[in-house]
Amino acid sequence: MTSLAGRRAIVTGGASGIGLACAEALAGAGAHVVIADLNGAAAAEAADRVGGEAWRVDLGETAALAELSLEADILVNNAGLQHVRPIEEFEPERFSLLLRVMLEAPFLLIRAALPGMYERGWGRVINVSSVHGLRASPYKSAYVAAKHGLEGLSKVTALEGGAHGVTSNCVNPGYVRTPLVEQQVADQARVHGIPEADVVEKVMLTESAIKRLVEPAEVASLVRWLASEDARMVTGASYTMDGGWSAR
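Residues numbered from 1 in each chain as written. Predicted model: local features only at pLDDT ≥ 70, side-chain atom pairs only at ≥ 80, totals over all residues. Heavy atoms only, no water.

> Could you clarify how one ought to interpret the overall build of the protein in this entry?
On a plain count of helices and strands, the protein comes out with seven helices and seven strands. If you list the helices and strands of the protein from N to C, you get β-α-β-α-β-β-α-β-α-β-α-α-α-β. In terms of C-alpha radius of gyration, the protein reaches 17 Å, essentially the compact-globule figure of 18 Å for 248 residues. Each principal axis of the C-alpha distribution contributes one length, and for the protein these read about 55 × 35 × 35 Å. A total of 248 residues make up the protein; the buried ones form 51% of that total. Intrachain contacts of the protein at a sequence separation of at least 6 include 69% that bridge at least 24 residues. As displayed, the protein offers around 10800 Å² of accessible surface, 54% of which is attributable to carbon and sulfur atoms. (Helix = DSSP H or I, 4+ residues; strand = E, 2+ residues; numbered from the N terminus. Rg over C-alpha atoms; globule rule 2.2 N^0.38 Å. Buried < 20%, exposed > 50% of the residue type's maximum accessible area, 1.4 Å probe, protein only. Contact = heavy atoms within 4.5 Å. Areas by Shrake-Rupley, 256 points an atom, 1.4 Å probe, with all protein chains shown as cover.)

If you want it as structure tokens, here you go:
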């Protein structure tokens with residue numbers, strides 16, 4: 001695997017779950033990693049763990065990101081949240097928050113990082129999307145809308161960045177063993193009218209040919225490859241890691 005020594009990476013939502021696994025993988029390849037997270041204490045702890053630095057940031061406060069300038073060779077847009085409700089019960093402000101964190105904030109961070117990437121003639125934008133960026137599920141209108149939008153943003157970034165040595169791609173896992181997924185279990189049980197113990201098997205894995213959750217380290221391994229020189233001709237792509245869900 002090509003070394004990432006000398007590269008500066010920013011990972012949003014980097015203090016836990018997929019983000020932390022990505023931070024560890026990129027740091028393991030030699031990158032200096034900035035852990036961007038709403039939880040400042042957890043970000044500092046994760047930064048110490050990978051020998052990087054912490055950036056406490058609220059990606060829901062998009063106005064504060066509008067004039068941001070970022071020095072990053074690798075930008076991993078990973079931060080996310082979930083809310084499970086039927087559309088008629090979905091709180092408008094919650095819908096707006098999900099779109100701000102998972103679509104508007106990635107746009108603003110990409111916008112802030114591209115000038116430096118263009119100047120250096122090298123950059124990697126890696127968007128942690130989801131199988132829900134390609135498929136829909138009931139009760140997840142905001143999440144599905146945000147991830148579908150992220151797919152489009154990633155492709156436009158690829159088309160604009162190609163001439164400047166910048167690639168942009170999405171990683172599309174199914175359900176990953178993270179706190180975000182664990183927090184969904186009660187909501188999924190409620191809207192589907194089933195016991196919590198049945199949610200993983202009867203809701204989360206029903207479309208997957210491989211009946212297990214994705215591990216964060218598996219997603220991180222793909223992120224690390226997309227950041228490498230080996231992936232310099234890969235751009236505008238969406239890489240599924242969903243156990244066969246999207247094959248249907």
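There's more to say after this.
> Teacher, can you tell me more about the state of the cysteines here?
Any covalent bond linking the sulfur atoms of two cysteines counts as a disulfide. The final tally for this structure, using the stated rule, is zero disulfides. Not engaged in a disulfide, the cysteine Cys22 finds its nearest cysteine sulfur in Cys170; these two sulfurs lie 13 Å apart. (Disulfide = S-S within 2.5 Å.)

> Can you help me understand the packing of helix H1 (residues 17-28) against helix H7 (residues 216-226) in this one?
The description of two packed helices rests on the angle between their axes and on the distance between the axes. With their axes 8 Å apart at the nearest point, H1 and H7 run at an angle of 45 degrees to one another. On the basis of the axis angle, H1 is oblique to H7. The crossing of H1 and H7 is right-handed. Residues Gly17, Ile18, Ala21, Cys22, Ala25, Leu26 and Gly28 of H1 pack against Pro216, Ala217, Val219, Ala220, Val223 and Arg224 of H7. Looking at the contact of H1 with H7 residue by residue, the class counts come to 10 nonpolar, two polar and one charged. (Axes fitted to C-alpha atoms, helices over the stretch in contact; angles between N-to-C directions. Parallel < 35°, antiparallel > 145°, perpendicular 65-115°, else oblique. Left-handed = near helix turned anticlockwise from the far one by under 90°. Nonpolar A, V, L, I, M, F, W, Y, C, P; charged D, E, K, R; others polar.)

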